[in-house]
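# What the coordinates show
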Amino acid sequence: MMELKIQLIPTGEIILSPGKNGENHCHNCKVVASDGVRAMMESALTARDRVGVQDFVLLENYTSEAAFIENLRKRFKENLIYTYIGSVLVSVNPYKDLEIYTKNHMERYRGVNFYEVSPHIYAVADNSYRSMRTEGKDQCILISGESGAGKTEASKKILQYYAVTCPASEQVQTVKDRLLQSNPVLEAFGNAKTLRNDNSSRFGKYMDIQFDFKGAPVGGHIINYLLEKSRVVHQNHGERNFHIFYQLIEGGEEDLLRHLGLERNPQQYQYLIKGNCPKVSSINDRSDWKVVRKALTVIGFSENEVEELLNIIASVLHLGNVQYGGEDSNACITSDIQIKYLARLLGVNVSVLTEALTHKKIIAKGEELMSPLNLEQASSARDALAKAVYGRTFTWLVNKINASLTYTMMKWCLLYAGTFLFLYITNAFFNYSVIGLLDIYGFEVFQHNSFEQFCINYCNEKLQQLFIELTLKSEQDEYEAEGITWEPVQYFNNKIICDLVEEKFKGIISILDEECLRPGDASDLTFLEKLEDTVGGHAHFVTHKLADAKTRKVMGRDEFRLLHYAGEVNYNVNGFLDKNNDLLFRNLKEVMCMSENKILTQCFNREELSDKKRPDTAATQFKASLAKLMEILMSKEPSYVRCIKPNDSKQSGRFDEVLIRHQVKYLGLMENLRVRRAGFAYRRRYEVFLQRYKSLCPGTWPNWDGKLSDGVSTLVKHLGYKPEEYKMGRSKIFIRFPKTLFATEDALETRKHSLATKLQAGWKGYSQKCKYQKLRNSAIAVQAWWRGILARRRAQRRRQAANTIRRFIKGFIYRHKERCPENEYFLDYVRYSFLMNLCKNLPKNVLDKSWPTPPAALTEASEHLRKMCMQNMVWSYCKKISPEWKHQMEQKMIASEIFKDKKDNYPQSVPKLFVSTRLDGENINPKVVQALGSEKMKYAVPVTKYDRRGYKPRPRQLLLTANSAVIAEEGKLKQRIDYGALKGISVSSLSDGVFVLHVPSEDNKQKGDVVLQSDHVIETLTKIAICADKINTININQGSIKFTMGQGKEGIIDFTPGSELLVAKAKNGHLSVTAPRLNSR
Ligand SMILES: Nc1ncnc2c1ncn2[C@@H]1O[C@H](COP(=O)(O)OP(=O)(O)OP(=O)(O)O)[C@@H](O)[C@H]1O
Ligand SMILES: [Mg+2]
């Protein structure tokens, strides 16, 4: 099961912590069963007690400053530095690195509703960005606060957020880099170490970030306000001049310093030793120098421009070291080498410069005269030049950065768009949306407040005006849009103070200008008197003279007090006129206009000299630039970041309540809260409210199908809201008291536990179902895959079969043709199948004559095979037979040769085996054996002898030896016929056993041919033929046989077929033999 883990992070949010592979994990996590939900710590009662509320509007006692500060304290203790007042972000400087600015955090806030996540600077940045994108309206983020409260850091965080999260192409990357790199450059030239802040911005800054239609940053524009130029020539104890001087001296390469005539020791320079604080532990000038040098390159400064810029910086240091001597009324320069260096670096003539630094040009009666300066005048002329050079160079630097941020866009257009497209694309490009970032000094209240504080506080009055107008207006607009009656809000409108300062003719600035321009002996004190005369009756203006006794005690006679919306501030008038005049002698301007340094020629314009009109005073310029700023801001939708510094010692974890109360007051935060809480503490769109709390009412859980407002009504009725506790608008519900909301939140917290169990069960079921579904799908996929394979195999087999049949048929058609591609398969197949068939059906034995019919092409081969087969069978048969059997076979062969197809009873004799003898030793008379002597008897058979006269049958024994055939009767050898004398043997073709042994008639020993009859005539005759070697002398006769009976007489034996064997003397004197007919013939 997927588990959701939650983690307490420094912003106070309990949030999923994504792991390496995208899974969520964290250490010391609580496991909850929900997905992607960001649970607010504020949701839980216990957490709320510990870390306070994340939005001050939810403070029950919202008018209590103590409650406000207590909430800040609780959160600060838990490292929760951000808290809202509605949409205003209050930020307390932690003075330590909290790990809440990582890329992960940026991602977390990206595209997420402002209220869904815990307060963060990224939430403000993202909200502005999204409003700009969705509503198409320009935005601005106003960051204010005391020196060291974290304004610049906040603005950098916002810039980084956009650089990381906004879409970017390659071209845009350059702009992003330049936007980011503009910070170190501006900080080097415009920031300094003060008692309050080691990196204090000594100018106000408004920066526009321009986004194209895709939401990518494509350019920027910076406006600077009121640089603290006096710092160039003077620093309070423990403070430094602008960083760039120290960076150059510490980090500049030897060659560079030599070229600039500088030494690597800040103590050598008058303008750097006033504060007696050349080194600061938190600042590394050397590495900062490298960063600035690189940034200058990224922004697009050429090497020449950098050189000229550094010449100016070095010249300011040299200017500070210019010493005056001589008479008091006629100052002259005592440091010759210094002035030479200075002239070279400024690119002006030495003598002209020397004169300009010691004289003043006056026009009397139309004539120009050079009047020498006294020592004090000369020193202040020198300082004025240093301030003017530095101040104007700073403005030039801002303009240069602006040009570089704009130029990229133009260049891109020119590069990538043709001339025709140019207009179209630039239109598209310049039709950008803007987010402005205002990093400007908050209210300043010191022991001694001067012209600068007056300007700064005036600026804050103007910003408060803007805030009131825009916030109240938007509040009122929202009520109107939601159809809720607008209840007038009691708040202090500070317009009256703005008017007091800026009103034409009657305002403090006008009076100051008048005193500056007035001929005669105008001084700071006459200015104060004039103020008393003009605005003395104003409710927000007091001087020592006008004050009551109690106030007088805390006011100097040279001070006036303004009752600002944020509190009272006493201003000392000393220096007001000078600072407002900000004068630089004309001849010094002229010298600068002659400079060969290109930057200086841009800073000191010749037109300025010819312009007879007096330049605007510093206050008027500031007023005008503020008016312009207000115009810019009015055209945009504002978001506010109010920065608070927790202590004066730059320490982390220290919450100085007095200091914070002071800032809460001067930042007007209570006023902010009062305005925000004038009506309802909490409001949410119906869908958001319903979505969050629907589980608390059975009617709306799990889903509400009807109108959203009806759903919310059902829900709040179920929750028991009283009518005075809430109002239903058109698209939002408005809840008057925080306690109502908290009660609902607490109910939700309890409900979550039971929901979690249900969700777990649901999730388990779902995940199992998914698992099963996955398995099932896998099985189906495997099945389908396997079926596919089988089907493909089948189809392939069918295809092959069809091809084979086709080839076969074709081959069959072409079978009688010569071997050709069409028939070769068929012919091969026929051969193959014949051979295979033959192989299976070979004859089993030599007598088996079966043989498959070969195809025409194999006739010859078949014949060879058949013979070979037969030979093989014969050979193996022969190998197997015994000598006895062989002998038998040989005899049978001879019998076959003699009798086959010639004698009727031959076939019956074939299956009967020939025996070696038919008479053994017992049956033959021993006398006969004796008479035979050494002659070995080879065969003996009983026969019937028919004598020559009367053909009487007489039983005899026929004995065959190696040399002769012997006829024996009992113990007598009756007749011996040597084989050599055996002329022939006659036998009939019928089935009888009668045969005749023919002997020569002339042989007297013989008594004529011998007529014998044997029951085994075939065997007997075969034996005789073999023994006598007379195979070819056996005659097989048809009808009758003639034989000699001795003494030249001849006998005849007639053979006739009959029913049974009958041998008898016929009437004609012949021996008649009737042989039984056998079936074979
Ligand atoms: N969010 C933050 N996290 C950690 N440190 C911070 C944060 N904000 C500010 N600081 C610390 O406080 C110092 C002062 O902040 P910063 O320079 O932004 O003040 P500032 O309001 O711009 O002051 P000034 O008006 O003098 O320019 C920073 O140098 C940094 O050390
Ligand atoms: Mg700053």
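To keep things clear, this report deals only with the structure shown in the data block. Just so you know, these numbers come straight off a predicted model, no measurement behind them.

This part is about the site of ligand 1. Taken together, 17 residues form the shell around ligand 1, and within it Ser147, Lys151, Thr152, Ser200 and Ser201 come nearest. Between ligand 1 and serine 201, the relevant distance is 2.6 Å, taken from an oxygen atom to a main-chain nitrogen or oxygen of the residue. In the complex, 85% of the free accessible area of ligand 1, which totals 620 Å², lies under the protein chains. Ranked by residue count, the leading element in the shell around ligand 1 is helix α5 (residues 151-165), at 3 residues. When the residues that make up the shell around ligand 1 are grouped by side-chain class, the tally is 4 nonpolar, 9 polar and 4 charged.

Those donors, Thr152 (OG1) and Ser201 (OG), are the protein atoms that reach the magnesium ion (ligand 2), and they lie 1.8 to 2.0 Å from it. Taken together, the positions of threonine 152 in helix α5 and serine 201 in strand β9 (residues 200-201) put the pair 49 residues apart, joining distant regions of the chain. The buried category is assigned to threonine 152, whose relative accessible area is 12%. Exposure remark for serine 201: the relative accessible area of 16% places this residue in the buried category.

Here the focus is the pairing of strand β24 (residues 937-946). In this sheet, strand β25 (residues 953-961) lies alongside β24 in antiparallel orientation, the contact comprising 9 bridges. From the neighbouring strand, proline 942 faces β25, where its bridge partner is glutamine 957. Between β24 and β25, which pair antiparallel in sequence order, lie 6 residues; one of them, glycine 950, sits at a positive phi of approximately 70 degrees. In this structure, β24 lies alongside strand β30 (residues 1010-1014), joined through 4 bridges in antiparallel fashion. Directly across from valine 943, in β30, lies its bridge partner serine 1014.

Following the criterion strictly, the structure yields 33 aromatic pairs and no others. Their ring planes at 10 degrees and their centres at 3.8 Å tell us that phenylalanine 56 and phenylalanine 68 sit as a pair that is stacked. Here the residue phenylalanine 56 occupies a position in the loop between α1 (45-51) and α2 (65-77), and phenylalanine 68 occupies one in helix α2, the gap between them amounting to 12 residues. The pair formed by phenylalanine 56 and phenylalanine 68 is uniform in burial state, with each residue classed as buried. Ring centres of phenylalanine 454 and phenylalanine 560 lie 6.1 Å apart, and the angle between their planes is 75 degrees; on these two criteria the pair is classed as edge-to-face. Of this pair, phenylalanine 454 sits in helix α17 (residues 451-482) while phenylalanine 560 sits in strand β18 (residues 559-564), and the two are 106 residues apart along the sequence. Each of the two residues, phenylalanine 454 as well as phenylalanine 560, counts as buried. Through a chain of ring-to-ring contacts, three or more aromatic side chains come together here, namely Tyr101, Tyr109, Tyr122, Tyr129, Tyr161, Tyr162 and Phe211. A cation sits over an aromatic face here: lysine 400 above phenylalanine 301, 5.5 Å from the ring centre.

With respect to burial, helix α28 (residues 669-676) is a largely interior element, 7 of its 8 residues being buried. Listing the buried residues of α28 in full gives Leu669, Met670, Glu671, Asn672, Leu673, Val675 and Arg676.

To summarise the sheet geometry, strands pair through backbone hydrogen bonds and adopt either a parallel or an antiparallel arrangement. Here 7 strands make up an open sheet; going across it, the order is β5-β6-β20-β7-β16-β10-β11 and the pairing mixed. At either end of the open sheet lies a strand with only one pairing partner, and these are β5 (82-85) and β11 (217-225). Averaged over all neighbouring strand pairs, the angle between strand axes comes to 20 degrees, with direction disregarded. Of the pairings in the sheet, the one linking strand β10 (residues 204-211) to strand β16 (residues 433-441) comprises 7 bridges and is antiparallel in character. Note that in β16 the partner of aspartate 208 across the bridge is glycine 436. This element, helix α26 (residues 618-634), spans β7 (139-145), β10, β11 and β16 of the sheet and lies at about 150 degrees to β11.

Conventions adopted
- Residues numbered from 1 in each chain as written.
- Chains lettered and ligands numbered in written order.
- Predicted model: local features only at pLDDT ≥ 70, side-chain atom pairs only at ≥ 80, totals over all residues.
- Heavy atoms only, no water.
- Near = heavy atom within 4 Å.
- Polar contact = N/O pair within 3.5 Å; in protein donor to acceptor, adjacent residues only side chain to side chain.
- Areas by Shrake-Rupley, 256 points an atom, 1.4 Å probe, with all protein chains shown as cover.
- Helix = DSSP H or I, 4+ residues; strand = E, 2+ residues; numbered from the N terminus.
- Nonpolar A, V, L, I, M, F, W, Y, C, P; charged D, E, K, R; others polar.
- Donors = N, O, S within 2.8 Å, 3.2 Å for Na, K, Ca; no water.
- Buried < 20%, exposed > 50% of the residue type's maximum accessible area, 1.4 Å probe, protein only.
- Pairing = 2+ DSSP bridges.
- Phe/Tyr/Trp six-rings, centres within 6.5 Å; stacked < 30°, edge-to-face > 60°.
- Lys NZ or Arg CZ within 6 Å of the ring centre and 35° of its normal.
- Axes fitted to C-alpha atoms, helices over the stretch in contact; angles between N-to-C directions.
- Contact = heavy atoms within 4.5 Å.

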